[in-house]
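Below, each chain spelled out in residue letters.
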Amino acid sequence: MSDDPIRVVLAKLGFDGHDRGIKVVARILRDAGMEVIYLGLRQSYANVVNAVEQEDADAVGLSMHNASHLTLAPKMVEALAAADLDVPVIVGGIIPDEDVQPLADKGVAAILGPGASAEEVAAAVRSAVAQRAG
Amino acid sequence: MTEPSNAEAKDQWQAAYDASRVGDGPFETMSGVPVDAVYGDAPFPGQYPYTRGLYAAGYRSKPWTMRMFAGFGTAEDTNARFKEILRNGGGGLSTAFDMPTLMGRDSDHEWSLGEVGHCGVAIDTLADMEDLFADIDLGSVSTSMTINGPAAMIMAMYVAVGEKTGVERAALAGTIQNDILKEYQAQKEYIFPPRPSMRIITDMMKFTSAEMPKWHSISISGYHIREAGSTAAQELAFTLSNGFAYVEAALAAGLDIDDFAPRLSFFFNSHSDFFEEIGKFRAARRIWARWMKERYGATSERSMRMKFHTQTAGVSLTAQQPEINIARVAIQALAGALGGTQSLHTDSYDEAMALPTEDAARIALRTQQIVAHETGVTNVVDPLGGAPYVEWMTDEMERQAEAIFEHLLEIGDGSILEGAYVGIENGYYVGEIADAAYRFEREVNAGRRIIVGVNEFTEGDDGKRNLLRIGPEVEEYQLKRLADVKQRRDDDAVRTVLDRLATEAADPEINLMPTIIDAVKTFATEGEIVASLEGVFGGYVERVVL
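Residues numbered from 1 in each chain as written. Chains lettered and ligands numbered in written order. Predicted model: local features only at pLDDT ≥ 70, side-chain atom pairs only at ≥ 80, totals over all residues. Heavy atoms only, no water.

Undergrad: Is there a simple way to think about the side chain of Asp124(B) in this case?
TA: Residue and element names in this part refer to chain B. Mapped onto the elements, aspartate 124 comes out in the loop between helix 3 (99–102) and helix 4 (126–132). Of the side chains with opposite charge, lysine 486 lies nearest to the buried aspartate 124, which makes no salt bridge, at 8.1 Å. Here glutamine 478 takes part through its side chain, which lies 2.9 Å from a polar atom of the side chain of aspartate 124. Sequence-distant contacts of aspartate 124, defined by excluding residues within four places in its chain, comprise Arg105, Asp106, Ser107, Met157, Gln478, Leu482, Ala524, Thr525 and Glu526. (Helix = DSSP H or I, 4+ residues; strand = E, 2+ residues; numbered from the N terminus. Buried < 20%, exposed > 50% of the residue type's maximum accessible area, 1.4 Å probe, protein only. Lys, Arg positive; Asp, Glu negative; His and termini not counted. Salt bridge = Lys/Arg side-chain N within 4 Å of Asp/Glu carboxyl O. Polar contact = N/O pair within 3.5 Å; in protein donor to acceptor, adjacent residues only side chain to side chain. Contact = heavy atoms within 4.5 Å.)

Undergrad: Which parts of the structure should I look at to understand the interface of chain B and chain A?
TA: Buried accessible area, meaning the area lost when the parts come together, often serves as the stated size of an interface. Contact with chain B, which involves 41 residues of that partner, is made by 37 residues of chain A. With both chains or domains summed, chain B and chain A bury close to 3,100 Å², and 56% of this area falls on carbon and sulfur atoms. A per-residue breakdown of the area chain B buries against chain A is headed by Trp111(B), Tyr438(B) and Leu546(B), which together make up 25% of the total. Taken together, chain B and chain A are joined by 2 salt bridges. There are 10 residue pairs in polar contact (both at pLDDT 80 or more) connecting chain B and chain A. Residue assignment for the side of chain B that touches chain A shows that the elements contributing at least two residues are helix 3, helix 8 (223–227) and helix 17 (428–445) of chain B. Ranked by residues supplied to the side of chain B that touches chain A, first place goes to helix 17 of chain B with 10 residues. Across the side of chain B that touches chain A, the residue classes tally to 21 nonpolar, 10 polar and 10 charged. (Buried area = accessible area lost by both parts, 1.4 Å probe. Nonpolar A, V, L, I, M, F, W, Y, C, P; charged D, E, K, R; others polar.)

Undergrad: Just checking my understanding: could you explain the pairing of strand 4 (residues 173–176) of chain B for this structure?
TA: Look at any regular strand and the pattern is simple: side chains alternate between the two faces of the sheet. All names here are of chain B. Here strand 3 (residues 142–146) pairs with strand 4 via 4 bridges, running parallel. Pairing of methionine 145 across the sheet is with isoleucine 176, part of strand 4. Each parallel crossover has a hand, and the one from strand 3 via helix 5 (residues 151–164) to strand 4 is right-handed. Of the pairings in the sheet, the one linking strand 4 to strand 5 (residues 215–216) comprises 2 bridges and is parallel in character. If you follow threonine 175 over to strand 5, its bridge partner there is histidine 216. (Pairing = 2+ DSSP bridges. Right-handed = clockwise from strand over helix to strand, strands pointing away.)

Undergrad: What is the right way to read the packing of helix 7 (residues 194–211) of chain B against helix 20 (residues 513–521) of chain B from this model?
TA: Packed helix pairs are specified by the crossing angle of their axes together with the interaxial distance, meaning the distance between the axes. Residue and element names in this part refer to chain B. Contact pair helix 7 / helix 20: the axes reach a minimum separation of 10 Å and the direction vectors enclose 90°. Classified by the angle their axes make, helix 7 and helix 20 are roughly perpendicular. Contact residues: helix 7 offers Asp203, Met204 and Phe207, while helix 20 offers Met513, Pro514 and Ile517. Tallied by class, residues from the contact of helix 7 with helix 20 come to 5 nonpolar, no polar and 1 charged. (Axes fitted to C-alpha atoms, helices over the stretch in contact; angles between N-to-C directions. Parallel < 35°, antiparallel > 145°, perpendicular 65-115°, else oblique.)

Undergrad: Can you help me understand the nonpolar core in this one?
TA: Within soluble globular proteins, side chains that are nonpolar generally end up buried alongside one another. Judged by nonpolar contacts, the single largest core of 87 residues is most densely connected at Val125(A), Leu240(B), Phe244(B), Tyr246(B), Ile287(B), Trp288(B) and Met292(B). Ranked by the residues each element gives to this core, the list is headed by helix 9 (residues 232–252) of chain B, at 12 residues. Setting aside anything within four residues of it in sequence, one finds Leu240(B) in contact with Phe268(B), Ala284(B), Ile287(B), Trp288(B), Met306(B) and Phe405(B). By size, the runner-up hydrophobic cluster in this structure holds 59 residues, among which are Leu172(B), Ile191(B), Phe192(B) and Ala519(B). (Core = buried A, V, L, I, M, F, W, Y, C linked by side-chain atoms within 4.5 Å.)

Next comes the structure, spelled out in structure tokens:
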């Protein structure tokens, strides 16, 4: 793995406007030495795929607070795979415990709930990226 | 005009108290000690600038309303719930809409998948609104509707349902949130850019002032600003300055302040820092009264009296050891009561993870009933008034808010309304809120702030959760319903009225409400009406601020 900083694309999909968490996460990752590209609210899968390609990103972080994670997160994984982009998708937000395994089964690399510390957030991204690179 | 002496003010207060319709009491402590309605010095409750409360007798004459917000599934599901509320003696209905409806999109929009009926009821056309209020006499209930971006379409549907059931619009009572400024600042459920949105709101204020005297066309909300991460003083300042902005817009549209100001109402958060919250509520009333009187020239006391609803802080609820949230909600509810709120919603302990279960919602209601009926805090009006710390905190909240008003006046060239536009466009509000949120998270992360169950005292979580789940049936039902309505309606009539709406939207002199009402009557969908206006006004994409 190179010494270049990890590049992470962060986005909110669909209608969900809760952006307090993702903005905090953006600053946490930046403080941890990563390069963060925050796309903003109401992004489509295609927008995220384009950003990953153009920014040569190492990971995608999604924030979900509307109980639509079981629908949206797997579709994001599929959209990246369809574009031949091998980058991990990490989901943060309100994810009930029983949804963690189903999301993992559909290819979501890591899930961060409320209360995850800054260190845990950065470590989860590093580890997800390292696994892909390895 | 000279200030009345303390004794004169007390006499005036006594006269107002005696004229109030006071409840039965007994106004004594649990141990039988009789207590007065008020203690301390002037100005007394009910006296300008209302720091100590709007009414002389406080909760002795008007207990706060326990208004619990709810909504789920199809219009028929919610209609059944409404009827149950009315059967149990409630006169007020409060409607939560689902995400697609709040965003002005139909249930068959590609992004609606997985969201239909989830966090409220799905409304696509007038047919859904008719189902929602079926067999309910709109002339005898008061309806609160929490919606902003497409508020005009939803209000138009309500008016149309009234007409179809023989209730004139003048007889309709209720409130529509319709506070678009805070959407750009915090909640992010906007559709059009700020200026056209403000034009629609001004049209609605004019329309309701002229034709719907019992309707509250706006509820100015700080709740979402605080949830997004602001400090207490920012919540106070942004909310009140948004209120000033609506006042300036209405004045510019030629409305008389004492005609519309009494029908403005507010909505605040109650968070966990007890005295800061109480100071915030007290400062809010004082600032509003002063600005309305001194800056905007209100002469009616009703224009100067700030009425507000309070909800406990959803963002303070923890997913860890969720049952301890009951204690947080109780403390926040008590702060709302001591701050003199007119109505209160208490959150359910399981809301950090999902919509509340019925059991959790019942506990939340019981929590405020305990505050109201067991603690004795309702016996005395503004019981903390005069306490040095409380008065200092009230002054401090006001001081911080005034500093923010100055900034807005500066960037707005002497206008709060222009300052609000500039602050939205240049990322001032979202930047300030994100900074405050990040500062708080850093403090929690570093252990300088303790959140029980999260970064301290973490043992004892059994991991068991009983969460509410919404099944896929609602979405399937709603999609079929929408397809049926589209099949049955006269498409030519829909196209004609939407074309007319687009033409009128291009002329700022025309009030859009009458044509929006005509449009909903043709069963044009909410999304179609929004799209027709979007063609003229454009959409809105916020500048990304980190």
